[in-house]
Amino acid sequence: MNIDTIRTRLRPLRSVDVDNLVRLDSDPAVMRYVSGGAPTSREVVEEWVIPRAQAERRAHGTGIWSIVDRHSARFVGWIALRTPRHSGPAELELSYRLQRSVWGRGLATEASHALLSFAFDELGSDRVFAGTMAGNLGSRRVMEKLGMSLVGIHVTDERIDAGGPQPSVLHFLADGGFDRAEVEYEIRRATWAGTLTARDGTKGLTA
Ligand SMILES: CC(C)(COP(=O)(O)OP(=O)(O)OC[C@H]1O[C@@H](n2cnc3c(N)ncnc32)[C@H](O)[C@@H]1OP(=O)(O)O)[C@@H](O)C(=O)NCCC(=O)NCCS
């Protein structure tokens, strides 16, 4: 199912998107906080990324959507809602990746907003979470603009609860953790419903 926002069309990922994905991941700036800058091979895109997204769509209605600029009809990136194996659609993971040429125009926030609406209002999810490297301030800002809250800081197998004792968090970050750590943000159904009220009942950025 396509989802339209004011400036974008979110279209389920298809086999013909291989070139788009390979090109997107060939930019080291795009991949900086994903793989340290390394590109994704065509084989991985063809044999793993696209089939997995399509299987997830068939099973749960989630997966990866291409973000298409509605004005130019150009592919500008992708956005995903993933269903974790352990939880099913009650708890979904949001992620996104856009071409550098369109950064800073609010498109990740606009597309994410539409997928949060889809997750809570159509799929009946209770919680949407998202993770990124602690230093990925642009991605963290998107999560904050969506009304998500920081709930955890992870490094390798260790998890420090963001609501836990502050000295342990501060000590960890001061000890070089910022460069190694991943942060986890979440938004729950009740908070989403609250932001809807705050927006005067509108669905915000969806078309
Ligand atoms: C992260 C990403 C999706 C953001 O997309 P985008 O369309 O530029 O996001 P938006 O324009 O909606 O919002 C970005 C916000 O971050 C801010 N920002 C960007 N870089 C920043 C930085 N280095 N420090 C602080 N804030 C930053 C922007 O100013 C903007 O906030 P504002 O609206 O308050 O000014 C895009 O940069 C991207 O695809 N990066 C590569 C892939 C990636 O890192 N994905 C997430 C990893 S899980």
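None of these values were measured; they are calculated from a predicted model. (Residues numbered from 1 in each chain as written. Predicted model: local features only at pLDDT ≥ 70, side-chain atom pairs only at ≥ 80, totals over all residues.)

A. Looking closely at the overall build of the protein. Across its full length, the protein carries seven helices and nine strands. Counting all 207 residues of the protein, 27% fall into the buried class. Put simply, 66% of the contacts in the protein that link residues at least 6 apart link residues at least 24 apart. (Helix = DSSP H or I, 4+ residues; strand = E, 2+ residues; numbered from the N terminus. Buried ≥ 20, exposed ≤ 12 C-beta atoms within 10 Å, placed from the backbone. Contact = placed C-beta atoms within 7 Å.)

B. Quick peek at the site of the ligand. Every one of the 21 residues lining the ligand counts as a neighbour, but Ala108, Thr109, Leu137, Gly138 and Arg141 are closest to it. Of all elements in the fold, only helix H2 (28-35), strand S5 (91-98), helix H4 (107-122) and helix H5 (137-145) reach the threshold of two or more residues within the shell around the ligand. A per-element tally of the shell around the ligand places H5 first, with five residues. When the residues that make up the shell around the ligand are grouped by side-chain class, the tally is ten nonpolar, eight polar and three charged. (Near = placed C-beta within 6 Å. Nonpolar A, V, L, I, M, F, W, Y, C, P; charged D, E, K, R; others polar.)

C. The pairing of strand S6 (residues 127-133), seen in detail. Pairing analysis gives three bridges linking S5 to S6, with the strands arranged parallel. Paired with Glu91 across the two strands is Arg127, which belongs to S6. Between S5 and its parallel partner S6, the chain crosses via H4, and the hand of that crossover is right-handed. Here S6 runs beside strand S9 (residues 182-188); their pairing, made up of seven bridges, is antiparallel. In the strand pairing of S9, Thr132 is matched with Val183. (Pairing = 2+ DSSP bridges. Right-handed = clockwise from strand over helix to strand, strands pointing away.)

D. Quick look at unusual backbone geometry. With phi around 65°, Ala73 is a residue other than glycine that occupies positive phi space. One can find Ala73 in the loop between strand S3 (63-69) and strand S4 (75-82).

E. Geometry of the environment of His60. Relative to the assigned elements, His60 resides in helix H3 (residues 42-60). Along the primary structure His60 and Gly88 are separated by 28 residues, whereas in three dimensions their C-alpha atoms are 8.0 Å apart. When residues no more than four places from it in sequence are discounted, the contact partners of His60 are Thr83 and Pro89.

F. Fine view of H3. Its 19 residues give H3 an end-to-end C-alpha distance of 26 Å, which sits within 8% of 27 Å, the value for a rise of 1.5 Å per residue. A positive phi of about 80° marks Gly61, the residue just after H3. (Expected span 1.5 Å × (residues − 1).)

G. Local environment of the nonpolar core. Grouped together as the largest cluster of nonpolar side chains are 37 residues, with contacts concentrated most on Trp65, Ile67, Ile79, Ala111, Leu115, Leu116 and Ala119. Looking at this core, the elements with two or more residues in it are H3, S3, S4, S5, H4, S6, H5 and S9. Here this core takes nine residues from H4, the largest share from any one element. (Core = buried A, V, L, I, M, F, W, Y, C linked by C-beta atoms within 7 Å.)

H. Structural view of the confidence of the model for the protein. Of the residues in the protein, 83% reach a pLDDT of 70 or more, and the chain-wide mean stands at 88. Contacts of residues 200-204 to residues separated by more than four positions or lying in other chains number four contacts, the stretch itself having pLDDT below 50. (pLDDT = per-residue confidence, 0-100.)

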